[in-house]
Amino acid sequence: TGRDELLTGKCCFFTRVNVKGVDVKSFETDMTYGEIIGSPLASFETLMNEMFKPTLEHQDNWGKCQEDNVKEYRGHVEKFSNL
């Protein structure tokens, strides 16, 4: 199920936080990274609630995406993070 099985090795993740992309000269501020330890689902839940959700809530520029679609997407993220 992913709730009871613990990772036996290291698992790392990288996320681009700069909407323009990652530059070799500024990759330290263009990306975030971390390690998932123990229970993968518990770690993912923490990432969702403490990093991704707050980031999406403060996202102002959604490009050509319509406001209704943004609200729907945020609603799905909210539901998913509360599973």
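Scroll up to find the structure.
Residues numbered from 1 in each chain as written. Predicted model: local features only at pLDDT ≥ 70, side-chain atom pairs only at ≥ 80, totals over all residues. Heavy atoms only, no water.

Asker: Explanation requested: the packing of aromatic side chains in the structure shown.
Answerer: Within the structure shown, the criterion is met by three aromatic pairs. With 5.9 Å between their ring centres and 75 degrees between their planes, Phe 44 and Phe 80 make a pair best called edge-to-face. Of this pair, Phe 44 sits in helix 2 (residues 40–57) while Phe 80 sits in helix 3 (residues 67–81); the two residues are 36 residues apart in sequence, bridging distant segments of the chain. On the basis of relative accessible area, Phe 44 is assigned to the partly exposed category, the value being 33%. When its relative accessible area of 45% is taken as the criterion, Phe 80 is described as partly exposed. (Phe/Tyr/Trp six-rings, centres within 6.5 Å; stacked < 30°, edge-to-face > 60°. Helix = DSSP H or I, 4+ residues; strand = E, 2+ residues; numbered from the N terminus. Buried < 20%, exposed > 50% of the residue type's maximum accessible area, 1.4 Å probe, protein only.)

Asker: Help me understand the pattern of salt bridges, please; the structure alone is not making it clear to me.
Answerer: Proximity of charged atoms lets side chains of opposite charge pair with each other. Under the definition given, this model contains one salt bridge. Across the salt bridge formed by Glu 78 and Lys 53, the nearest N and O atoms sit 3.2 Å from each other. Of the two residues, Glu 78 sits in helix 3 while Lys 53 sits in helix 2, which places them 25 residues apart along the sequence. Note on Glu 78: relative accessible area 32%, which makes it partly exposed. (Salt bridge = Lys/Arg side-chain N within 4 Å of Asp/Glu carboxyl O.)

Asker: Explain helix 3 to me, please; I cannot follow it from the model alone.
Answerer: Each α-helix turn comprises 3.6 residues. Residues three or four places apart therefore point the same way. Between its first and last C-alpha, helix 3 extends 21 Å over 15 residues, near the 21 Å set by a 1.5 Å rise per residue. By the burial criterion, the buried members of helix 3 are Val 70, Val 77 and Ser 81. Buried residues along helix 3 cover an arc of 30 degrees about the axis, so they all sit on one side. When the buried face of helix 3 is taken as reference, the exposed residues oriented beyond 90 degrees from it are Asp 68, Lys 71 and Lys 79. The elements touched by buried residues of helix 3 are helix 2. (Expected span 1.5 Å × (residues − 1). Arc of directions from axis to C-beta. Contact = heavy atoms within 4.5 Å.)

Asker: Please explain the side chain of Thr 15 as it appears in this structure.
Answerer: Considering the arrangement of structural elements, one finds Thr 15 in strand 1 (residues 11–16). Beyond its immediate chain neighbours, meaning those up to four positions away, Thr 15 contacts Asp 30, Met 31, Thr 32, Met 51 and Phe 52.

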